[in-house]
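An overview of the molecular structure
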Amino acid sequence: MTNADELKSSGLKATLPRIKILEVFQHAERRHMTAEDVFKALLTRSNFESGKSVFELNEGQHHDHLVCMDCGRVEEFYDPEIEVRQRAIAAQRGFELQDHALALYARCVRPDCPRRGK
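Residues numbered from 1 in each chain as written. Predicted model: local features only at pLDDT ≥ 70, side-chain atom pairs only at ≥ 80, totals over all residues. Heavy atoms only, no water.

As paired strands, strand 3 (residues 64-68) and strand 4 (residues 74-77) are joined by 4 bridges and run antiparallel to one another. In the strand pairing of strand 4, leucine 66 is matched with glutamate 75. Between the antiparallel neighbours strand 3 and strand 4 lie 5 residues, among them glycine 72 with a positive phi of about 85°. (Pairing = 2+ DSSP bridges. Helix = DSSP H or I, 4+ residues; strand = E, 2+ residues; numbered from the N terminus.)

Structure below.
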């Protein structure tokens, strides 16, 4: 029986959010989870210096962010050399890196940037 079928047999519409929540419970190590636990399993929150917070689906893949200081556009990127270098820097200073969030702040150079020149 698929997740959609399970939801329908329970009298619920098989919406994408419901399917995702069901998957969280199916793969969770703990049987009982709070709403906050489910939220954290599904979404990652990034807070940027501009005061802007964004949420994104937690797909388990680490990435960093490039943030435009003019238009606010956020672009994801992953660079294995940066990841290796960050771990090396932490180790050189006597730390074992557990997690990190890297956000680079820049000005957009796209000619069609909607906020350029404002």
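Turning to the sheet that holds strand 4, a few remarks are in order. Spatial ordering of the open sheet is given by 4-3-5, a layout of 3 strands whose pairing is mixed. Of all the strands in the sheet, the pair left with one neighbour each is strand 4 and strand 5 (103-106). The sheet shows a mean angle of 25° between the axes of neighbouring strands, taken without regard to direction. (Axes fitted to C-alpha atoms, helices over the stretch in contact; angles between N-to-C directions.)

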